[in-house]
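# Structural description and commentary
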Amino acid sequence: MAIEWDEPTRSFLLTGDGFGYAFAVERDGTPLRHLHWGSPLDRADLARLDPDGGARVGSNTWSRPRAHLEELVAHGGARFDEGALLVEFADGVTALDLRYDGAERTGADALAVQLVDRHRPLDVTVRYEVRGPALCRRLEVGNRGDEPVVLTRAASASWPVPCRPRYQATTLTGGYAAESHVRRQPLGPGRLVLESRRGIPGHAAQPWLAVDGGPGAATEESGEIWSVAVAHGGSWKLVAELSGDGHLHVTAGANDFDARHVLDPGARLTLPDTVGVYAPAGYAGLTARWHDYERRYVLPRPEQARPVLYNSWESTFFDVRHDDQVALAKRARDLGVELFVVDDGWFTDRDDDHGGLGDWRADRTKLPAGVGGLAGEVHALGMRFGLWVEPEAVNPDSDLYRDHPDWVYRWPGRAPTPVRYSYGLDFGRADVRDWAFSTLDGMVREGHVDFLKWDLNRSLTDAPGTAALRHEAGFHAVVDRLRRAHPDLWLETCASGGGRADLATLSRFELAWPSDNTDAFERLAIQDGYAFVHSPQTMSCWVTDSPGYLSKRAIPLRFRFHVAMSGALGIGGRLGQWPAEHLAEAAGYVARYKEIRDTVQLGRRYRLDAGADRSAVCCVAADGAQVAVFVFAQTVRQDGHDPPLRLRGLDPAARYRDLDTGLDYGGAFLTHHGLRPLLSGDYASELVVLSRE
């Protein structure tokens, strides 16, 4: 049973796959008192829960109630900890005084708890939903009065973390072309703030945070970990606040930077979902639980492996020509590619990034037969056809902007701020959404388009912080309408690389572009961080030319393919310049990838301890019948340590056969002794495929 009410303790117990969560109503001066988040809990033990039983008596400087004892920290009274809600009433009062006003189950696994202010006509609904290994939480705030109410802070949840002697945070941080690096740092008293103020999730950090009991308390295979994500494609914020006496709570939701949400009389504001995942058995278990959550509750077409694609960007950049694209498509077909995508540059006035956005018409000097003509030739080759679009931006030199200058974000009396020579279109407006849908709908219908790569190369500017919520809602509305109109259409999310790879966006897109950086060596860290949380079937990975156009680093074709084969394989090189031997070698890698694709994309993914100079990943098929092991080394030194790779996720009682060498191994041997792939030289890699006998 997912949700239970215990009358003696006036407590709710929520139980999911491998976790329990409990809170009590109207106890010790709090409308909702947090009791437990962690391993599954017996209902009979609710009466024994006392999260603050060992606390020493504090002075009057403590926040009251303490944040780690509250389900929802709302400003008011003697609360000084990081809070989720801060309001301003018409008379200037900024304090809330909430009380419990009942609860109802809104489904077998969902609960809505109602809170009302004791003095003002304002209500707050705290929503919970158990989704397999995860608990989803969000808030709704309603104004039942006759005057407007302003929310200046409106996060979705306070997540108390159990008391530990120490804490360590794991984040996925970086920057443009260096996204999603796994980083760990100890938490000391104070606040760790992760955020985006850009109107999109941004490149600096994934909207995700994990906490464990400090260095050594959690390993890949052991130790408890608590993690929280903000399922929001706009500006977001995660704050981990550790008190001086060792209590930690995480506030998660939309960013309060420059935010003033005005609730008119009768209005309600629904805030983004936050998602909490508890893992009792280390980082590998944490990754598995996040992948399970995405595949069961988030992703479209979760049971389908993603196709091998070709993207034209790094081959032709803006110089898109019909005959050149057909020649590329033929070579891509010969390699085994299943989806051919024409990137930026196919539409009118698009010879560089200064023009064309907004006027989504095929450039007839480049594509004399239009998009449909090119699509027809690609389809005749047996591949699906895709296009790049950026519907949320417009160039000043465009018919759309000349006709509708009021459609862009701008402050009154000021010129819009250009970012990458474009202005942002206000998707909060119904007319803009209608234009975007009709434009994309016509493009897909008339061009016989099977796939869209939806890009956004600018942050949201010239608008208040509250615009991010409206913009994301409008973005979702257009995408949802487009998907309903074209059920067979597939989508890829991109925002100058990995700037929009959040859970809310991934619920609508089959693929995500983790980074514009396609350098295979740098992609190892980017892909490791992305797949730490997100399912590998969404992780688009290209093999591009060497040297790469960003890093200028020369890397062998074998290494480039092996890196890309550990996600959703794509190709993006100048195939017309590849020698015949490289094309033949590439076709072999594509064929091998198709043999292991389901294992890599849909199976379990395990990070392996490969030593200081190497990295390795082990993918185990959902049914355990196949194992794919990738190992990489930037260079192999004569005095370097070459430890065996101890595999994870295998059946110790089974035997496994190496499909290349014919050697067979026991599962216990591979787990406890391991393989020792032989690597040599620079940018060395190996793929070992095992079949369970």
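Structure: above.
Residues numbered from 1 in each chain as written. Predicted model: local features only at pLDDT ≥ 70, side-chain atom pairs only at ≥ 80, totals over all residues. Heavy atoms only, no water.

### Side note on the packing of helix α9 (residues 520-533) against helix α10 (residues 557-565)
At a minimum axis separation of 9 Å, α9 and α10 run at an interaxial angle of 15 degrees. Regarding the angle of α9 to α10, the classification is roughly parallel. Considering how the two elements wind past one another, α9 and α10 form a crossing that is left-handed. Here A520, F521, R523, L524 and Q527 of α9 lie close against α10, whose contacting residues are F559, R560 and V563. (Axes fitted to C-alpha atoms, helices over the stretch in contact; angles between N-to-C directions. Helix = DSSP H or I, 4+ residues; strand = E, 2+ residues; numbered from the N terminus. Parallel < 35°, antiparallel > 145°, perpendicular 65-115°, else oblique. Left-handed = near helix turned anticlockwise from the far one by under 90°. Contact = heavy atoms within 4.5 Å.)

### Description of the pairing of strand β30 (residues 568-571)
Burial along β30 is two-sided: A568 and G570 facing one way and L569 and I571 facing the other are all buried. The pairing of strand β21 (residues 309-311) with β30 spans 2 bridges and is classified as parallel. In the strand pairing of β30, L309 is matched with G570. Two elements, strand β29 (residues 540-543) and β30, share 4 bridges in a ladder whose sense is parallel. By the bridge assignment, C541 is partnered in β30 with L569. (Buried < 20%, exposed > 50% of the residue type's maximum accessible area, 1.4 Å probe, protein only. Pairing = 2+ DSSP bridges.)

### A closer look at the pairing of strand β34 (residues 655-658)
Alternating positions in β34 separate cleanly, Y656 and D658 being buried on one face and R655 and R657 remaining unburied on the opposite face. Here β34 pairs with strand β35 (residues 664-666) via 3 bridges, running antiparallel. What sits directly across from Y656, in β35, is Y665. Counting the residues that bridge the hairpin from β34 to β35 gives 5 residues, and of these G662 lies at a positive phi of roughly 80 degrees. Summarising the sheet, β34 and strand β36 (residues 682-692) pair through 3 bridges and their orientation is antiparallel. When the bridges of β36 are listed, R657 appears paired with S691.

### A closer look at a nonpolar patch on the surface
A contiguous nonpolar patch, built from Y176, Y549 and L550 and spanning about 280 Å² of accessible area, is present on the exposed surface. When you line up the elements, Y176 lands in the loop between β11 (168-175) and β12 (178-186). (Patch = residues over 30% accessible without salt bridge, like charges linked within 9 Å, V, L, I, M, F, W, Y side chains within 5 Å. Areas by Shrake-Rupley, 256 points an atom, 1.4 Å probe, with all protein chains shown as cover. Salt bridge = Lys/Arg side-chain N within 4 Å of Asp/Glu carboxyl O.)

### A few points about the sheet that holds β29
Within the open sheet, the 8 strands sit side by side as β28-β27-β26-β23-β22-β21-β30-β29. Their pairing is parallel. Strands at the two margins of the open sheet, each flanked by one partner only, are β28 (511-512) and β29. Sheet analysis places β21 next to strand β22 (residues 339-342), joined by 3 bridges and oriented parallel. Bridge pairing in β22 places N311 opposite V341. Relative to the sheet, helix α7 (residues 467-485) contacts β26 (451-454) and β27 (490-493), its axis offset from that of β26 by approximately 170 degrees.

### Observations concerning unusual backbone geometry
The amide bond that connects R64 to the next residue, P65, takes the cis arrangement and shows omega of -5 degrees. If you trace the backbone, P65 turns up in the loop between β4 (30-38) and β5 (85-88). In this structure, P547 follows S546 across a cis peptide bond, with omega equal to 0 degrees. Along the chain, the position of P547 falls in the loop between β29 and α10. Unusually for a residue other than glycine, R420 sits at a positive phi of about 50 degrees. The topology assignment puts R420 in the loop between α5 (399-403) and β25 (423-424). Even without glycine at this site, S496 takes up a positive phi of about 50 degrees. Counting through the fold element by element, S496 comes out in the loop between β27 and α8 (503-506). Given the relative accessible area of 15%, S496 is considered buried.

### So, the sheet that holds strand β2 (residues 11-16)
Read from one edge of the open sheet, 4 strands run β1-β2-β3-β4, paired in antiparallel fashion. Here the strands that pair on one side only, and so sit at the sheet edges, are β1 (3-6) and β4. Taken over all neighbouring pairs, the strand axes of this sheet differ in orientation by 20 degrees on average, direction set aside.

### Topic: the packing of helix α3 (residues 322-335) against helix α4 (residues 370-380)
Where α3 meets α4, the axes come as close as 10 Å, and the angle between the chain directions of the two elements is 20 degrees. Classified by the angle between their axes, α3 and α4 sit roughly parallel to one another. The handedness of the crossing between α3 and α4 comes out as right-handed. Across the interface between the two elements, H322, Q325, V326 and A329 from α3 touch G373, L374, E377 and V378 from α4.

In short, shape yes, function no, at least from these values alone.
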